[in-house]
Amino acid sequence: MKKLKIGILGATGMVGQNYIKLLQNHPWFEIIDVAASPRSAGKRFKEAVKTKWQMAIPIPEVIENLIVRDVQDFDSISSNLDFVFSAINMPTKDQIKEVEFEYAQRGIPVVSNNSAHRWTPDVPMIIPEINHNHIEIIPLQQKNRGFSKGFVLVKPNCSLQSYLTPIYALEREGYKIDKLIITTLQAVSGAGYPGVAFLDIVDNIVPYIRGEEEKTEKEPLKILGKIGEKGIINDDSIQISSTCTRVPVSDGHTACVNLKFKDKKPIKDEIIKIWKEFKSIPQELGLPFAPKQPILYLEHIDRPQPKKDRDNDKGMAITVGRLREDNIFDFKFVALSHNTIRGAAGGAILNAELLVVKGFIK
Ligand code: NAP
C-alpha cells in the first residue's frame, strides 16, 4: 500500500513529539508536514524544538530538517497532504475549533487530541474499542458544514482511558453500571511542556487539575451515547463522580475506581474473565496500533504500577488489577493507561487507522 502523507499540527509539543516517535516506520502513514505556532514557523524542526525534545530517541532524520509551518498559514498547506493529527494548544478553544474546521473545509480530515470539539454534537469522540460505530456521523458533519472530504474526529481526554474500556467491557456483557466513583493519579507529562514546576510536584501531590474532573465525568457519557438525527445523544444511565490529582510520575495515568451495578451483578471471576477475553473491532481488523489484548488483568497484589506497566503492548494496553469487593459499592479496582500514548498520540493513530479501513480517509 502507498503510504498516506500526513501532517502534525502542534508537532513541537509533548503530544506532537510522541506522534513523531510513534509514527517512525508506520506501515500506512508518513509524516511530510510539521506545523506549530508563529514562534516556531520558518525554522527547521530541530531548531524550533531545541531542548524541548523530550523523547528518548533522537529526532528522526526525515523530520529534523523539515521547515515548520505556521498552523494558521492555510495557504501553505501541501496539496499532497492526506490528513493531519492536531495537538495544538492555543489561547482559546474557539481558536482551536476554527483552525480545525478550516483544515476540514479545505478537504483535510483532522484527527484531534484537543478538547475544543469534544462537545460539538456532530463531531465523533472515539475510543475505537468502544464506540467505533460513531464514525458513521461523519457524513452528517460534512453535510451540516459543507465539507467535501474533510471532517474533524476527536479522541477523548487521557484521564478516562484507563477505566472506561474495562467499564464498557462489563456493559457489553449485559452488566449495566449504575454509579462510579473515580480518583485519578495523573502523570506530569499530561500537563504538556514544560508543565508543572519541579518544586510544585517533587515530594508532593497536587489535588487539582483544571477542567479535568468535568471531562472525566462527562466525556464517558458521549462515548457511551447513541447516534441521533443531529449528532450523538449522550448516555444518561451512569452517574460518575471524580477527583483528579497530579502525582510525581513522568508517564502513566492511574485511576482508582469504585463501581455499583444496576441490577445484575457478576461475581469477581466473571469480571476478570470478561476483561481478559475482551476484544473489539481494532483487534478484529488487525489495525497496526491495536493492542492484541486491550485489557490486561494482573493478579499481583501490588499492580498495576506506572513504571512497570505503562508500556504494556507498546503503551496501548490498559492494565487493570486489585479487583475486590467494596464495602459500600459492589467492587473496586485500579486501572492504568499510558497518557501520552493510549491517552493521546497512540489513541489518535488507532482512530486514524480505523478511518482508513472504513474508507473515510482515502
Ligand atoms: P504542549 O506541549 O504545550 O504543545 C503545544 C503545541 O501547540 C506546540 O507545538 C506549540 O507550538 C503549539 N502552539 C502553541 N500556541 C500556538 C498557537 N498560538 N498557534 C499554533 N500553535 C500553537 O501541549 P501538549 O501536551 O502536546 O498538548 C497538546 C494538546 O493535546 C492540548 O490540547 C492537550 O490538552 C491535548 N492532550 C494532551 C495530552 C498529554 O498527555 N500531554 C493528552 C491528551 C490530550 P510552539 O512550540 O511553536 O509553541
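Computed from a prediction, not measured in an experiment: that's the story for all the values here.

Novice: For this particular structure, what's the right way to read the site of the ligand?
Specialist: As a structural note, the neighbourhood of the ligand is formed by 27 residues, with Thr 12, Ser 37, Ser 40, Lys 52 and Asn 114 the closest of them. Contact between the ligand and Ser 40: an oxygen atom at 2.4 Å from a side-chain N or O atom of the residue. In this structure, Ser 189 approaches the ligand through a main-chain N or O atom, which is 3.1 Å from a nitrogen atom. Alone, the ligand offers 920 Å² of accessible surface; in the complex the protein occludes 87% of this. Broken down by secondary-structure element, the contributors of at least two residues to the shell around the ligand are α1 (14-22) and α14 (341-357). Tallied by class, the residues present in the shell around the ligand amount to 10 nonpolar, 14 polar and three charged. Composition of the shell around the ligand by domain shows at least three residues from each of domain 1 (4-157 + 345-357) and domain 2 (159-337).

Novice: Looking at this model, I keep getting lost on the layout of surface pockets. Mind explaining?
Specialist: The rolling of a water-molecule-sized probe over the atoms marks out the regions of remaining empty space. As a volume, the second largest pocket reaches approximately 350 Å³. Forming the boundary of the second largest pocket are 19 residues, of which Met 14, Gln 54, Ser 189, Ser 250 and Asp 251 lie nearest the centre. The element best represented in the lining of the second largest pocket is α1, accounting for three residues. Viewed by domain, the lining of the second largest pocket spans two of them, domain 1 (4-157 + 345-357) and domain 2 (159-337), each represented by three or more residues.

Novice: Just to check I follow, could you spell out the environment of Met 55 for this structure?
Specialist: On the secondary structure map, Met 55 appears in the loop between α2 (45-49) and α3 (61-64). As for Met 55 and Gln 17, which are separated by 38 residues in sequence, their C-alpha atoms are 7.0 Å apart. Setting aside residues up to four positions removed in sequence, Met 55 forms contacts with Met 14, Gln 17, Asn 18 and Lys 21.

Novice: Honestly, the pattern of salt bridges in this entry has me stumped. Any pointers?
Specialist: Opposite charge on two side chains makes pairing possible when the charged atoms of those side chains draw close. By the definition in use, this model includes 15 salt bridges. Here Arg 106 and Asp 75 are joined by a salt bridge, their closest N and O atoms 3.4 Å apart. With a gap of 31 residues between them, Arg 106 in the loop between α4 (93-105) and β5 (110-112) and Asp 75 in the loop between β3 (69-70) and β4 (83-86) connect regions that are remote in the sequence. Taking the relative accessible area as the measure of exposure, Arg 106 reaches 41% and is therefore partly exposed. Note that Glu 129 is salt-bridged to Arg 342, the shortest N-O span being 2.9 Å. Of this pair, Glu 129 sits in helix α5 (residues 128-131) while Arg 342 is found in helix α14, placing the two residues 213 residues apart along the sequence. Across this residue pair, the class does not change: Glu 129 and Arg 342 are buried. Connected via shared salt-bridge partners are Asp 75, Glu 102 and Arg 106.

Novice: Got a minute to help me understand unusual backbone geometry in this structure?
Specialist: Backbone phi values are negative for most residues with the exception of glycine, while trans is the configuration of most peptide bonds. Of note, the amide linkage connecting Tyr 193 to Pro 194 takes the cis form, showing an omega dihedral of 0°. Secondary-structure assignment places Pro 194 in the loop between β7 (177-186) and α8 (198-201). Following Arg 303, the chain continues into Pro 304 via a peptide bond in cis, with omega recorded as 10°. Here Pro 304 is to be found in the loop between β12 (295-298) and α12 (306-309). Not every positive phi belongs to a glycine, and Asp 203 is a case in point at roughly 60°. Summarising the element assignment, Asp 203 is placed in the loop between α8 and α9 (212-223). For Asp 313, which is not glycine, the phi dihedral falls at a positive 45°. Residue placement: Asp 313 occurs in helix α13 (residues 312-315). The class for Asp 313 is partly exposed, based on a relative accessible area of 26%.

Novice: Got a minute to help me understand the sheet that holds strand β1 (residues 4-9) in this structure?
Specialist: Strands belonging to one sheet form pairs held by backbone hydrogen bonds; the direction of such a pair is parallel or antiparallel. Taken together, six strands build an open sheet; the order of strands is β3-β2-β1-β4-β5-β6 and the sheet is parallel. Two strands close off the open sheet at either side, each with one partner strand: β3 and β6 (152-154). Relative to β3, strand β2 (residues 29-36) is paired through two bridges, and the arrangement is parallel. Bridge assignment links Ala 35 to a residue of β3, and that residue is Arg 69.

Novice: Please explain the domain arrangement of the protein as it appears in this structure.
Specialist: Many analyses report the size of an interface as the accessible area lost when the parts associate. Here the domain parsing of the protein yields domain 1 (4-157 + 345-357) and domain 2 (159-337). For domain 1 and domain 2, the distance between their C-alpha centres works out to 25 Å. Taken together, the contact pairs 38 residues of domain 1 with 37 residues of domain 2. Summed over both sides, the interface of domain 1 with domain 2 buries roughly 3,100 Å², with 69% coming from carbon and sulfur. On the domain 1 side of the contact with domain 2, Glu 129, Ile 130 and Asn 157 bury the most area, a combined 25% of that side's loss.

Here is what the cut-offs are and how they apply
Residues numbered from 1 in each chain as written. Predicted model: local features only at pLDDT ≥ 70, side-chain atom pairs only at ≥ 80, totals over all residues. Heavy atoms only, no water. Near = heavy atom within 4 Å. Polar contact = N/O pair within 3.5 Å; in protein donor to acceptor, adjacent residues only side chain to side chain. Areas by Shrake-Rupley, 256 points an atom, 1.4 Å probe, with all protein chains shown as cover. Helix = DSSP H or I, 4+ residues; strand = E, 2+ residues; numbered from the N terminus. Nonpolar A, V, L, I, M, F, W, Y, C, P; charged D, E, K, R; others polar. Domains from an automatic or database assignment. 1 Å grid on protein atoms, 1.4 Å probe; cavity = no way out; pocket = protein on both sides within 12 Å on 5 of 7 lines; lining within 4 Å. Points joined across faces, edges and corners; volume = space filled by probe spheres on them. Contact = heavy atoms within 4.5 Å. Salt bridge = Lys/Arg side-chain N within 4 Å of Asp/Glu carboxyl O. Buried < 20%, exposed > 50% of the residue type's maximum accessible area, 1.4 Å probe, protein only. Pairing = 2+ DSSP bridges. Buried area = accessible area lost by both parts, 1.4 Å probe.

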